[in-house]
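# Working through the structure, step by step
The chain contents come next:
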Amino acid sequence: MSTAIKPKHIGRNISRIRELKGMKQEALAFAIGLTQQSVSNIEASENVDEEKLIEVAKALGVSVEAIKNFTEENVINYFNNIYDNGVFNTGNYCNFNPLDKVVELYERLVQAEKDKNEYLEKLLKGK
């Protein structure tokens, strides 16, 4: 049984971060001035040139260290902490009563119909 530490696959980390950000390879390629095929090659590479890594990090809006140290476990922990600490735990609370808005809309529609009827009656009386 081997206990050797598996080296980090930087290209795979770039790919996962890009996917988590909802970005396609074409968009990343455009942002760093490369072709989609070049981005595909970078993502297939275990190691990435430091200069290219800096450009990719800027385009993805993350730090170089975030790419190098990326793990699925860290992402899960990050989102669990956000939800647990209430950043996204705001619930679905309305600042208004939805029924009041429906009634208000209905009253406006009724008034518009009344105005239209008055206008049509004036036109008929004018003939």
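A brief report on the enclosed structure follows. (Residues numbered from 1 in each chain as written. Predicted model: local features only at pLDDT ≥ 70, side-chain atom pairs only at ≥ 80, totals over all residues. Heavy atoms only, no water.)

## Some remarks on the environment of G33
Structurally, G33 is set in the loop between helix 2 (25-32) and helix 3 (36-44). On the basis of relative accessibility, which here comes to 63%, the residue G33 falls in the exposed class. In this structure, the C-alpha to C-alpha distance between G33 and E55, residues 22 residues apart in sequence, is 9.6 Å. (Helix = DSSP H or I, 4+ residues; strand = E, 2+ residues; numbered from the N terminus. Buried < 20%, exposed > 50% of the residue type's maximum accessible area, 1.4 Å probe, protein only.)

## Some words on a nonpolar patch on the surface
A surface patch of nonpolar side chains, amounting to about 310 Å² of accessible area, comprises Y119, L120 and L123. Position of L123 among the secondary structure elements: in helix 7 (residues 98-125). (Patch = residues over 30% accessible without salt bridge, like charges linked within 9 Å, V, L, I, M, F, W, Y side chains within 5 Å. Areas by Shrake-Rupley, 256 points an atom, 1.4 Å probe, with all protein chains shown as cover. Salt bridge = Lys/Arg side-chain N within 4 Å of Asp/Glu carboxyl O.)

## Notes on the packing of helix 2 against helix 3
Direction vectors running N to C along helix 2 and helix 3 enclose 100 degrees, while the axes themselves pass 8 Å from each other. By the angle between their directions, the pair helix 2 and helix 3 is classed as roughly perpendicular. Packed against helix 2, whose contacting residues are Q25, E26, L28, A29 and I32, the element helix 3 presents Q36, V39, S40 and E43 at the interface. A per-class count over the contact of helix 2 with helix 3 returns 4 nonpolar, 3 polar and 2 charged. (Axes fitted to C-alpha atoms, helices over the stretch in contact; angles between N-to-C directions. Parallel < 35°, antiparallel > 145°, perpendicular 65-115°, else oblique. Contact = heavy atoms within 4.5 Å. Nonpolar A, V, L, I, M, F, W, Y, C, P; charged D, E, K, R; others polar.)

## Description of the nonpolar core
Among the nonpolar cores identified, the biggest contains 17 residues, and I14, L28, L53, V56, L60 and I67 are the most heavily contacted of them. Breaking this core down by element, the ones donating at least two residues are helix 1 (10-20), helix 2, helix 3, helix 4 (50-60) and helix 5 (64-68). Setting aside residues up to four positions removed in sequence, L53 forms contacts with I10, I14, V48, V64, I67 and K68. (Core = buried A, V, L, I, M, F, W, Y, C linked by side-chain atoms within 4.5 Å.)

## Structural notes on the pattern of salt bridges
In this structure the tally under the stated criterion is 6 salt bridges. In this structure, R16 and E19 form a salt bridge, with 2.8 Å as the shortest nitrogen-oxygen distance. Linking R16 with E19, this pair stays in helix 1, spanning 3 residues, or about one helical turn. Of the residues examined, R16 reaches a relative accessible area of 27% and is grouped as partly exposed. Close ionic contact of E50 with K68 constitutes a salt bridge, the shortest N to O distance being 3.3 Å. Residue E50 is found in helix 4, and its partner K68 is found in helix 5; the two are separated by 18 residues along the sequence.

## Considering the side chain of R18
Here R18 is to be found in helix 1. For R18, a relative accessible area of 7% corresponds to the buried category. A polar side-chain atom of R18 sits 2.9 Å from the main-chain carbonyl oxygen of M23. Look past the residues within four positions of R18 in its chain and what remains in contact with it is M23, K24, Q25, L28, E43 and L60. (Polar contact = N/O pair within 3.5 Å; in protein donor to acceptor, adjacent residues only side chain to side chain.)

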